[in-house]
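If you want the building blocks of each chain, they are given just below.
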Amino acid sequence: MLNSFESHTVHRDGVSLHTRVGGLGPPLLLLHGHPQSMAMWHRVAPALAQHFTLVLMDLRGYGDSSRPAPDAAHLNHSKREMALDAIAAMAHHGFERFDVLAHDRGARVAHRLAADHPAAVQRLMLLDIAPTLAMYAQTGEAFARAYWHWFFLIQPPPLPEALIASDPARYVRSVMGSRHAGLAPFDPAALAEYERCAAVPGTAASVCEDYRASAGIDLEHDRDDVAGGRLLTQPLRVLWGEHGTVARCFDVLALWRERAANVSGHSLPCGHYIAEEAPERLTAEVLSFFQPEPKEHP
């Protein structure tokens, strides 16, 4: 999937980051969610590449990027480190300032990226998340039941890792198939790609560390922002699936207005996996929000 985009490996502090690049126009970084890889963009990337230079990156711990070793403070999987990965990947491809389109875990990375590196991020679009700090603080029964993996993955090792590693494909299908539309929206080749990557040695540990970081060090970074009164200053568009858990459990727009100065957004008629459930609608939203310059024709 995405084989029309050129594959690269970017090295940063002992971590190898898999990227694909293609298209023509201003730079747009795409960051995927859990338990997926950059393959989740396969239904929107070809159309967007007609207007943007796309840089797709597998987050550390996912896809074909490295699985860093766990550490006691979960720093190796913090969103701050992942944001630095994104800065390194974009610099490798020649971009110091860029737009960001991100879903799920990737959207949490994008939030930290925009907060820590405001000079690098011009605009960002986040898909189907509310701020991490707010989602943990406002957790109720409905959210905990639907997002059970948030609380399973943060349990002490080795139990979550062992259970995932015992049958990675079952884990992928259980998480993704429990949402609004089940497994129906997913192209079989994309689903096979998610399963392949979940079976890469070290994935189970990295996935757990990703979530442990979000329930620990990432919250510390978020609390520091709140205590310091620091808001995202870039134009931010948030989109969420009207049939998703985030829409049912949180006031998405209101929560983002507590964390960013310039926010707009609305729901789309789909569930959590917007890029695969409503690709045409998402493509139109991206083109409208990021407003690429018209191409000159000879």
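These numbers were taken from a predicted model, which means no experiment stands behind them.

Participant: Looking at this structure, I do not really get the pairing of strand β1 (residues 6-12). What am I missing?
Facilitator: Along any regular strand the residues' side chains alternate between the sheet's two faces. Across seven bridges, β1 lies against strand β2 (residues 15-23) in antiparallel orientation. Within β2, the position partnered with serine 7 by the bridge is arginine 20. Counting the residues that bridge the hairpin from β1 to β2 gives two residues, and of these aspartate 13 lies at a positive phi of roughly 50°.

Participant: Would you take a moment to explain the sheet that holds β2 for this structure?
Facilitator: Note on sheets: strands pair through backbone hydrogen bonds, and any given pair is parallel or antiparallel. As summarised here, the arrangement of the eight strands in space is β1-β2-β4-β3-β5-β6-β7-β8, forming an open sheet in which the pairing is mixed. Looking at which strands have only one partner, the edges of the open sheet turn out to be β1 and β8 (263-268). Taking each pair of neighbouring strands and ignoring which way they run, the sheet shows an average axis angle of 20°. Of the strands in this sheet, β3 (27-31), β5 (98-103), β6 (121-127), β7 (236-241) and β8 are in contact with helix α15 (residues 279-290), which crosses β6 at around 155°.

Participant: Any chance you could explain the packing of aromatic side chains here in plain terms?
Facilitator: Centre distance and the angle of the planes are the two values used to describe a pair of aromatic rings. Taken as a whole and judged by the stated rule, the model has twelve aromatic pairs. Summarising the aromatic geometry, the rings of phenylalanine 186 and tyrosine 273 are spaced 5.0 Å apart at their centres and angled 80° between planes, so their arrangement reads as edge-to-face. Taken together, the positions of phenylalanine 186 in the loop between α8 (168-177) and α9 (188-198) and tyrosine 273 in the loop between β8 and α14 (274-277) put the pair 87 residues apart, joining distant regions of the chain. We note that phenylalanine 186, like tyrosine 273, is buried. Members of the aromatic cluster, connected to one another through ring pairs, are Tyr136, Phe143, Tyr147, Trp150, Phe151 and Phe250. The lysine or arginine in question, arginine 105, covers the ring of tryptophan 150, its NZ or CZ lying 5.9 Å from the ring centre. It is arginine 105 that lies over the ring of tyrosine 211; its NZ or CZ is 3.7 Å from the centre.

What counts and what doesn't
Residues numbered from 1 in each chain as written. Predicted model: local features only at pLDDT ≥ 70, side-chain atom pairs only at ≥ 80, totals over all residues. Heavy atoms only, no water. Pairing = 2+ DSSP bridges. Helix = DSSP H or I, 4+ residues; strand = E, 2+ residues; numbered from the N terminus. Axes fitted to C-alpha atoms, helices over the stretch in contact; angles between N-to-C directions. Contact = heavy atoms within 4.5 Å. Phe/Tyr/Trp six-rings, centres within 6.5 Å; stacked < 30°, edge-to-face > 60°. Buried < 20%, exposed > 50% of the residue type's maximum accessible area, 1.4 Å probe, protein only. Lys NZ or Arg CZ within 6 Å of the ring centre and 35° of its normal.

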